[in-house]
Amino acid sequence: MTAFDGRGAEFAPRQKNRLRAFLLSFLLIAAAWGPQARAAVELPEEVVIDSAVHENEEEDKYLSPGAVTVVRPAEYAGEQRTLPDLLEEVPGLRVIRLQGRNGYAVASIRGSTSAQVAVYVDGTLMNLQSESAVDLSSIPVDNVERVEVYRGYIPARFGAQAMGGVVNIVTKFPDKPKTNVSLGIGSFGRRKGNLSHSTRLGDGKFFGSFGYETYGGDFEYWNDNGTPYIDSDGYTGERRGNGFDNTDILLKWEDEHWRARASWIRRDRELALTAPGMDKPGVPQAQSALLDTSRWDVSIGRDQVSGSIHWGWGLSRTGQEKDYDSRQGNTPTSPIGGPNVSKSGYDSTRTGISLHANTPVGEHHFFELLAEYSDERLHVDGDPLYIYLGGIEDYRRTDWNFDLQDTITLDRAGTFLFTPSIRWHSVDGEGHFTWQAALSKEFSSNWMLKGTFGTYARSPNLYEQYGDGAFILPAESALAWETGTQLDIGVIWNGDVKLLGDARASASLSGFMRETDDLVEFQMTSPRYGRYFNIAQSEVKGMELQAALDWEKWNISLSGTWMDGINRTPDIPGSVRYDGMKLPNRPEWSGTARLTRKFGRGSAFVEYQYVGKNYIDSSEKYLFDARNVFNVGVKYDVSPTARLTVGVNDVFGDADDWRMRPDPRFNGPTQVLWYPVEGRSYYLTLDVDL
Amino acid sequence: MRRWKLLALIGIFVSFWSAAASADIFYSATDGSASSFGTISGASYTVRKDLYTLPLGYPTVASFSDLGGKEWVVVENYNWQDSVSSTVDIFDLKDWTKPAGGEYTDWGTNIKGLAVVGDCLYIASFERREAGEEKSGEVIRVDLSGQGSPDKPFEPDGTVYKFSPLEDILRRPAAMEVVGGKIYVLTYTYDGVHTIDAGMGASELFEFDENLELLRSAVIGGGDSGKNTQYMASYGGKLYLGSTGGAQGASSIGAVWEVNPGGTDLEATKIVDLGDIPDLDATARSVYGVSIADDGTALLIVGGYDSENDWSFSSRLYVATASALSAGEYGEPISIPEGTYVESVKYDAKLDVFWCGMSGAGYGNLEARGKSGAILKTITANELGNNIGTFAIIGETPKYEPSVDSASSGGGCNAGIGAFAFLLLAFSALLKIREK
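Residues take numbers from 1 onward in each chain, read along the sequence in its written order. Chain A is the first chain written and ligand 1 is the first ligand written, with later ones labelled in order. Selection of residues for local features in this predicted model requires a pLDDT of at least 70, selection of side-chain atom pairs for listing and counting requires 80 or more, and totals for whole chains, interfaces and linings are taken over all residues. For side-chain calculations, the full set of non-hydrogen atoms in the structure is used, while hydrogens and water are omitted.

Q: What is the right way to read the environment of Ser 41 of chain B from this model?
A: The helix count covers DSSP runs of H or I at least four residues long, the strand count covers runs of E at least two residues long, and both are numbered beginning at the N terminus. You can see Ser 41 of chain B is positioned in strand E2 (residues 35–41). Given the relative accessible area of 2%, Ser 41 of chain B is considered buried. Exposure is judged per residue with a 1.4 Å probe applied to protein chains only, and the accessible area is read against the type maximum: over 50% gives exposed, under 20% gives buried, and values in between give partly exposed.

Here it is in structure tokens:
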């Protein structure tokens, strides 16, 4: 296998300009505020990944100089939420699901591609080179303490090339010994259980968990038989091929200096066939294919303090084995890949080493440094390798990453901060420099203003560079890095309000804009094959709102997004039009609202989720319907150590009516979704602390 | 003078009306996720795009005329997964709000050709799909003489020829033509189990009468060069076939074959061996299309996958004549835009042009080329609504009717000209009456 053609580490003219602009602004600010740096001012609290739980949600705003939202699964405990379900509560983040509610799911942040979103679990990067994006449905959340979503400015502690944003998942690590069992059942054959235990071990603390979940996924839905103009041949079908079995194990230990972690996840999933004309009662059906994924990671690290420098290192090894099986043998209509692909396997292993440090310098500077190296190897096996690609089976990629961030306090009160950061990322010898800058000002204990601007870059992954061994060919030459800029400005307010009584309130409103050049996009290049090219450009702007109101017994939380995602790819002269078209899968409006009422030993909630209509294609021809979903549930403490949760999702069965339909400007049929979604469903969860 | 101005205005109006009512090309345009459909009409190449849309990529389109000469166009909702057969939407060219008679579910799956013989329409279908099973292709007959339901005038009449497997390998129809009242269906075989090289079986030509009784059949060639023959054109009572020579990689060497159905058998004679083209590289050793005009001018697509490197596809376009092909000459190469390739070619007798569907990264134009191969008109993907998918020549379904005179009087375009002529006569008569 050959690595990417190295282009050396020289800056392109455009990068040089960005570098100059950054250095100039950095020096001006430093010069202007240098004298005051000697004043005795309190520095912002250090935030380190894997840090303890933020007891006070108001501290969330200090996690990043940019926009950040924290979702705490504990608030949804017992509701059998998946990670994609939780992320749908986050403004600016769109979950794109394939094959139904429990199928493959990826995230788009502020209109980004899913490949531009980095996902971390306890500091371990989940993005691997064998796939274009992280499948969020494969990450269990039963033992998650919080999910942080960083948009716009990416703090230096995240080394990944996260052009879109970062989803950072932090698992639980109780300080006290505790054993918890959670058992749940739900509609359509859902059964799940989770056992966790935390205790003191040696000089440190230990946490271990085992989880299992199975889902049949067979549900009734209306199938138009693939003939939307014929009313008489529709039928109620029973959806098949949606099932999965998940097993996960997590072990963690840490003391004052050392930390170690190991996890293993196995997800065996059916790959549902598209619905129109399928699932007829009494008619034998073709088997759906299987995708079995095993994922594991082990890591060890040490943190220590030397003088005023807090520093540490980490070693990690991550692996994933992904195996497809058509279950039909080699057939021309194999449901995986293409003709004659029966089995294929993608095995990735990545070894990484990192060094991080932070220290105050003077009284106005707080530096954070991250240096990382990783080596990832991908082994491809199975039919596509030999049928189409002549047996190229091993791929390799090495990454270097250096991040430096300085938090500069610009006033004596420590309420006015300037946070520049620079990042150097090198992949197989080709390096790129990017920078970010953030300004934040707390006007009072209630008001805070944040504004960020920066440049971003992402190297194409192996999947994009070398294809998938089936229908995606290796790129013609080394793909160029995607580059982009983003800016946002937001206001955060916290305080007490008199509204239907005394209430504690918080709200944030952000406006953002991002542009991306050299987007790596897939194009068909022959009747059978396609490959990735650096051809696309996009421009996304929007607004994000997040708000919460807390009364003694009532709570309201809201989130909403308005987004305008536009394809800015120049039209190919004399050919197709791209510029000005809406990006697919980016709804203009989306939002959630949740009302909770606390009572005696429990609480009840009602939740509304809205996702506006959005195009399925890049030429504004076809739309997915808007979605209006209501969920309700009740949580009741049957004893001081046991809680029962019952609930109904999609109370009104809105999903039963979701269709694809042509844009009103065009003629065309309204038809059943390719992958229908189960409508109303019920669940019951018992959660016991032993 | 005023009379001539009035006549000219009427003429312009009626010409526009005729162009809108009849069309020469019916096409699909797609980004791979959704497709839209449109028509191209007249010598001015008037494009009407986005007449209808579907949420799928690469649907097949076709056209046919009924016994009254009315033109219909066909959209196949091709389902990529096993167990589900395609549905077919049939449209009146004047009504795009929904298909006439709803969907048809028995037209087979992956339509490879339509032909009319006498009162019947014949459909060459790549395969038959039933629950959990796929079967060999079929030829399906539709009685156009009004025997079907008024609501479903184009339902198959039950006469079907089902191809049996060839040594357990499914036979797949690839093209259909009509010569002298007989129906000719070209099939190829690929077992789908082995690698393409090993699994590629023989291609065959089948001859049927109007009742789909099998009259004759023959294997194309005796070795690899006849494998994977998927392209067919008719001219002068003969059939011209194009083969890839196997698995479409660098090791394949395709050929052009000639069949004389009027002869004693259907034996295919290799008339052009692509291995003889001296500067042909490894990426262009297979035939990917052949089309012959009514004066014998032939366009030949020669292309292939670079199986030794990155499986990129490239193709060349050659212009020749049917007689030259018969003499073993493949003609002269025609230049095509850099970075593109010709994906399909069809001759349009009404406009006397060859339509070439172009492809390439981010490129999907439709080109009208004259008989020299020169581009007469490029219709861009933007004008089409998206990258060209598939297209059909309206009013030129392979057809056989006993009376040559009656055959030449049919067709939507002729109907439009007829209406124009009628209106001119009527207005002329009216003006004469006023003069009196």
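Still more to cover.
Q: Teacher, can you tell me more about the nonpolar core here?
A: Soluble globular proteins: nonpolar side chains tend toward being buried together. Nonpolar cores are built from buried Ala, Val, Leu, Ile, Met, Phe, Trp, Tyr and Cys residues. Side-chain atoms within 4.5 Å join them into one set. Among the nonpolar cores identified, the biggest contains 24 residues, and Leu 87, Leu 93, Val 119, Val 147, Val 167 and Ile 169 of chain A are the most heavily contacted of them. At the level of secondary structure, the elements contributing two or more residues to this core comprise helix H2 (83–87), strand E2 (93–97), strand E3 (105–109), strand E4 (117–121), strand E6 (144–151) and strand E7 (165–171) of chain A. Contacts were defined at the residue level, with two residues in contact if any of their heavy atoms lie within 4.5 Å. Setting aside its immediate chain neighbours within four residues, Val 167 of chain A contacts Leu 87, Leu 93, Ile 109, Val 117, Ala 118, Val 119, Tyr 120, Val 147, Glu 148 and Val 149 of chain A. Core analysis: the second largest hydrophobic core is formed by 20 residues, Ile 271, Val 272, Ile 277 and Ala 320 of chain B among them.

Q: Quick question: what am I supposed to make of empty space enclosed by the protein here?
A: In this approach the atoms are scanned with a rolling probe the size of a water molecule, which exposes any empty space left behind. All names here are of chain A. A 1.4 Å probe that fits into a set of points on a 1 Å grid over the protein atoms alone but cannot get out defines a cavity; an open set with protein on both sides within 12 Å along at least five of seven lines defines a pocket, and lining residues are those with an atom within 4 Å of a point. Grid points are joined across faces, edges and corners, and a volume is the space filled by probe spheres set on the points. Counted according to the given criterion, the structure contains eight cavities of 30 Å³ or more. Taken as a whole, the largest cavity encloses approximately 290 Å³ of empty space. If you trace the largest cavity, you find 28 residues lining it, with Thr 82, Ser 137, Pro 140, Glu 213 and Asn 246 closest to the centre. Within the residue set of the lining of the largest cavity, elements represented by two or more residues are H2, strand E9 (190–201), strand E10 (204–215), strand E13 (244–254) and strand E14 (258–271). Just so you know the grouping, Ala, Val, Leu, Ile, Met, Phe, Trp, Tyr, Cys and Pro go in nonpolar, Asp, Glu, Lys and Arg go in charged, and all remaining residues, Gly too, go in polar. Grouping the amino acids of the lining of the largest cavity by side-chain chemistry returns 10 nonpolar, nine polar and nine charged.

Q: Looking at this structure, I do not really get the sheet that holds strand E27 (residues 375–379) of chain B. What am I missing?
A: To summarise the sheet geometry, strands pair through backbone hydrogen bonds and adopt either a parallel or an antiparallel arrangement. All names here are of chain B. Taken in spatial order, the four strands of this open sheet run E24-E25-E26-E27, and their pairing is antiparallel. Each edge of the sheet is formed by a strand with only one pairing partner; in this case those strands are strand E24 (341–348) and E27. Shown here is a sheet whose adjacent strand axes are inclined to one another by a mean of 20 degrees, direction ignored. One bridge is not enough; two strands pair if DSSP finds at least two bridges between them. Angular values range over 0 to 180 degrees, each being the angle between N-to-C directions of two axes fitted as lines to C-alpha atoms, with helices fitted over their stretch in contact.

Q: Can you help me understand the sheet that holds strand E23 (residues 332–334) of chain B in this one?
A: Residue and element names in this part refer to chain B. Reading across the sheet, the four strands line up as E20-E21-E22-E23 and stay open at both edges, with antiparallel pairing between neighbours. Looking at strand neighbours, the two that pair on one side only are strand E20 (286–292) and E23, the edges of this open sheet. This sheet shows a mean twist of 30 degrees between the axes of neighbouring strands, independent of strand direction. Note that strand E21 (residues 297–305) and strand E22 (residues 313–321) share nine bridges and pair antiparallel. Pairing of Gly 303 across the sheet is with Ser 315, part of E22.

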